[in-house]
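Below, each chain spelled out in residue letters.
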Amino acid sequence: MTSFVRNTNMLKRNKRSQSGLSWFKRSRLSILGTMLLCASQGSIANEQVEKNANEEPVVAYHVDFRVQVMPIEALKAMAKEVASLGFNTIIMEWEASYPYKKHSIISNQYAYTRKEVKEFIEYSDGLGLDVIPLQQNFGHAEYILMHERYAYLRADARQLSQIDPTRLDAARDLFEELFDDMFSTHNSEYVHIGGDETRLLDCKNCQDAWGDLGEEAGKSKIYVDYMKMIAEIVTERGKTPLIWADMILKHPEAIKDMPKNVIYIDWNYGWDFDRFGSDPRDLIKQYDLQFWGAPSIRSGPDDYHSNSWEKHLNNMADYIPEAKKAGYTGMVLTSWSTSGEYGYNWFSGEVETVEIYPIRQVYPHSYPNDAFRMSTSAFITAIEQEEPIKVKGFTRQYAKERFGLTAAEATNLWKILSSEVMNNKVVVGSVKLSGVKGLTEEQRQLAQVTLDKVRELQAQLKQIVPTINEEEFSHYLLQLDLREFWLNFRVIQGWVQSDEFMRKDRNTAVKMLEALLKKGEELNERFEDSFSGALYDSEIEVLNEYRNHKIEILLDRLSNER
């Protein structure tokens, strides 16, 4: 891994190589393979090996635009920021923000113009950033399948997440056009073809397609057949396909039939390597596959009111060194705006989709004063150095240098951000499927205990005053205040959902909810100030409504105003 560190340290000094070769090609030349090549081809091989050894590794920043789409100037600010930190690649999950030509119904209200897309790619290229498009084509396809025009491709009439993998010819016709559209604006040698979380491999047509193989081998076959078809579309157009690795790890039986040029991206957010089934390290040895690694800075269980700082930084510290040892040939930092699960608004008995709604939205990005800059920097540091990062030491050093804090203040900041109460799950009513009608007394008290502790953290954080980069620091304050706001509601909600709540208590609960919504108005203003220009005004309005809507619904129910 010395070469991994050495080459990555060059990122901040050198632009991307004009040859277009990237680090994974160098890494695939094992020591034995290189010796055999040199022996057979002499000095030419030696020159090529030396050239490959000087190539940069792919260090990619993932941008998820399923929700929380940035205006073009904010998008450029993001590119400038990540380039300055040491990334050389951006993976753009445009989804419905891409301006499709022949399939323009897919593009939503936040879609960029084609001029803006090309302008962004040209700007990024000037910063030394390769922009890789991500085109979902199998799972996470709600933004396509919600439209009646594409209903013929649905694997399920009401779960619109997935293309039916048995409709190979029909799917190929559509995605050839979508990929051609993407390639008309992007010039990267890579394209990400998705492929993650395709959980409907047991649809009716799927089961018929299993034949005599049985469930496990059948699921693997139809998955590989479909993704092989997609990989061939992009390979025929001179591109190298990237694919999320979770499903092939879960169903590896037919992996030998996958195209050999596919690069698998193992997203790992703090679990064992065999979490999805097979261990990628075993598959690398058995089939000589190429893998990239992918930790995260925003993922489950993060929400608008909580961010798992300690989980994500421990992920960098533990996973990245092991991925290097495993021979992974690139690294991607993922950042998810939502879980990718949706609720639906249906129209008429014909199951027409009016709109889809993300079930969970996390705290947004706001470049260059981003709330997640510390964990992003930890990712780069973990790649650059040979030893695993020391999370506490890294965060203290970051806080001192970035915010001008004293050693004691920096230590206290990390204690606040990593406190258990910042991420505790708080249950109300009863536990699902428990058979018990109510929570235990300890479970019922958890909301109030957690709320009290968070309020203590609020008081502590207000005592820490940065001398530089105040805007970035202000996001910690806002995140903590949003956490307090949510817990405040959970306390009220827990009472209302308990067997102690009577009709006579409604007026008291109404007053509590009204006071909470007044506090919510203040948070709305702060949220708007923090993300003005980073998000569209209408998006900010939607996020504020998302945060307050359940409180408003409960207030309407209890107030009995008709």
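Check the entry above for the structure.
Here the structure is a predicted model, which means the values were calculated and not measured. Note on numbering: residues in each chain are counted from 1, in written sequence order. Thresholds applied to this predicted model are a pLDDT of at least 70 for local features of residues and 80 or more for the giving and counting of side-chain atom pairs; totals over whole chains, interfaces and linings are not thresholded and use all residues. As a rule here, side-chain values cover all heavy atoms of the structure and leave hydrogens and water aside.

Engineer: I tried to follow the state of the cysteines on my own but got confused; where do I start?
Structural biologist: One way to say it: the disulfide is the covalent bond shared by the sulfur atoms of two cysteines. By convention in this document, the label disulfide applies to cysteine sulfur atom pairs within 2.5 Å. Summed over the entire model, instances satisfying the criterion amount to one disulfide. Covalently, Cys203 is tied to Cys206 through a disulfide, its sulfur atoms 2.3 Å apart. Across the S-S bond linking Cys203 and Cys206, the dihedral sits near 80 degrees, which makes this disulfide right-handed. Exposure classes here rest on a 1.4 Å probe applied to the protein chains alone. A residue is buried below 20% of its type maximum, exposed above 50%, and partly exposed in between. For Cys203, a relative accessible area of 9% puts it in the buried group.

Engineer: Just checking my understanding: could you explain the packing of aromatic side chains for this structure?
Structural biologist: Any two aromatic rings considered together are summarised by their centre-to-centre distance and by the angle between their planes. Note on ring pairs: Phe, Tyr and Trp rings are taken, using the six-membered ring of Trp, and paired if centres are within 6.5 Å. Classes follow the plane angle, with under 30 degrees stacked, over 60 edge-to-face and the rest tilted. Taken as a whole and judged by the stated rule, the model has 38 aromatic pairs. Note on Tyr110 and Tyr536: the rings are 5.4 Å apart at their centroids and 25 degrees apart in plane angle, and the pair reads as stacked. Placement of the pair is Tyr110 in the loop between strand 2 (89-93) and helix 6 (114-126) and Tyr536 in the loop between helix 19 (506-531) and helix 20 (537-559), with a sequence separation of 426 residues. A relative accessible area of 14% means that Tyr110 is categorised as buried. Two limits define a charge over a ring: the Lys NZ or Arg CZ must be within 6 Å of the ring centre, and within 35 degrees of the ring normal. Between Arg281 and the ring centre of Phe273, over which it is positioned, the NZ or CZ distance is 4.0 Å. Here a strand is any run of E in DSSP of at least two residues, a helix any run of H or I of at least four, and the numbering for each starts at the N terminus.

Engineer: Sorry, what's going on with the pairing of strand 9 (residues 330-335) here?
Structural biologist: Remember that side chains alternate between the two faces of the sheet whenever the strand is regular. Of all six residues in strand 9, six are buried; the element is thus mostly enclosed. Where burial is concerned, the two faces of strand 9 agree: the one with Gly330, Val332 and Thr334 and the one with Met331, Leu333 and Ser335 are both buried. Pairing between strands is defined by DSSP: at least two bridges between them are needed. Taken together, the four bridges between strand 1 (residues 58-64) and strand 9 define a ladder with parallel strand orientation. Each residue of the ladder has a partner; that of Val58, found in strand 9, is Gly330. In this sheet, strand 9 lies alongside strand 8 (residues 296-298) in parallel orientation, the contact comprising two bridges. Looking at the pairing, Ser296 lines up with Thr334 of strand 9.

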